[in-house]
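Inside the fold
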Amino acid sequence: MTSLDAITLEVADLAAAERFYANAFGLGPLVRLRASQETATGFRGFTLSLTVAQPADVDLLIENALDAGATALKPAAKSLWGYGGVVQAPDGTIWKVATSAKKNTGPATGEIGEVVLLLGATDVAASRQCYLDHGFTVEKSFGRMYVQFAAAGAVKLGLYRRRALAKDAGVAPEGSGSHRIELHGAGRFTDPDGFAWASGQPVGQLGA
């Protein structure tokens, strides 16, 4: 089964990004950083999500991110599916922190259960087939709206219709230029929406 083992975020200010990720989330080798001046405007077409055990952990991680310099896109709140909020890191990456639990069962630990990368697809069916061709296995599929691939690496991968993903993040769907992200673990290819994959583990600066 093909896996997604790590990601590299391209950032304009490497030192500032290193400080942010060390103080906000502490993701270690799952998220690496690389200096880049590639032009990117508006929505970059993806979001990263952190799933945690309970609402207190959502609040803790979002507070850490805001204290480190993030901007709130959606304040943490209850919903039909649980509890969560969305922030944008100083480098522009959108992060969602969420739990399916609606009540706390103990003090917050800040422990992260899963890291999930959602790619905004212009044509979910075409992107789904691309990933199937590169060895991924579908775990859940909801027509042309959403696809979740079986977890085999450190980061879980999913596809979401681009406009719906932007709405979920609380931003406008328009955007152009570089995605400012590189994915590692499935060999070298570029998907229909321009997301680039590089085989093996990334090299460069750690995100924490």
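In what follows, the accompanying structure is described. Here the residue numbers are simple positions, counted from 1 along each chain's written sequence. Residues qualify for local features only when their pLDDT is at least 70, as the model is predicted, and side-chain atom pairs are given and counted only at 80 or more; totals for whole chains, interfaces and linings, by contrast, use all residues. Side-chain measures here rest on the full set of heavy atoms in the structure, leaving out hydrogens and waters.

Points about the packing of aromatic side chains
- For this analysis, a ring pair means two rings from Phe, Tyr or Trp (six-membered ring only for Trp) whose centres lie within 6.5 Å, classed as stacked if their planes differ by under 30 degrees, edge-to-face if by over 60, and tilted for the remaining angles. Here the structure, examined in full by the defined rule, presents 14 aromatic pairs.
- Each ring, one from Phe-20 and one from Tyr-21, has its centre 4.9 Å from the other, and the planes form 85°; the classification is edge-to-face. A single burial state applies to Phe-20 and to Tyr-21, both of which are buried.
- Between Phe-189 and Trp-197 the ring centres are 5.4 Å apart and the planes differ by 10°, which places this aromatic pair in the stacked class.
- In this scheme, a residue with accessible area under 20% of its type's maximum is buried, one over 50% is exposed, and one in between is partly exposed, where area comes from a 1.4 Å probe on protein chains only. The class for Trp-197 is buried, based on a relative accessible area of 3%.
- Pairwise contacts between aromatic rings join Tyr-131, Phe-136, Phe-149, Phe-189 and Trp-197 into one cluster.

Focus on the nonpolar core
- Remark: nonpolar core denotes a set of buried residues (Ala, Val, Leu, Ile, Met, Phe, Trp, Tyr, Cys) joined through side-chain atoms within 4.5 Å. Counting 45 residues, the largest nonpolar core has Leu-9, Phe-25, Trp-95 and Leu-117 as its most contacted members.
- Only heavy atoms enter the contact rule, under which two residues are in contact if any of them lie within 4.5 Å. With near-sequence residues (within four places) excluded, Leu-9 lies in contact with Tyr-21, Val-31, Arg-32, Leu-33, Arg-34, Phe-46, Leu-48, Thr-93, Trp-95, Arg-180 and Ile-181.
- Counting nine residues, the second largest nonpolar core, distinct from the first, contains Phe-43, Leu-118, Leu-165 and Ala-169.

Focus on the environment of Gly-82
- Mapping Gly-82 onto the fold places it in the loop between strand E5 (71-78) and strand E6 (83-88).
- Residue classification places Gly-82 among the buried positions, given a relative accessible area of 0%.
- Taking the C-alpha atoms as reference, Gly-82 lies 29 Å from His-179; in sequence the two are 97 residues apart.
- Residue contacts for Gly-82: discarding those within four places in its chain leaves Ala-77, Thr-99, Ser-100, Ala-101 and Lys-102. Only DSSP runs of H or I reaching four residues or more are called helices, and only runs of E reaching two or more are called strands; each is numbered from the N terminus.

Quick notes on unusual backbone geometry
- Unlike most non-glycine residues, Arg-180 shows phi in positive territory, near 60°.
- For Arg-180, the position within the fold is in the loop between strand E12 (175-177) and strand E13 (181-184).

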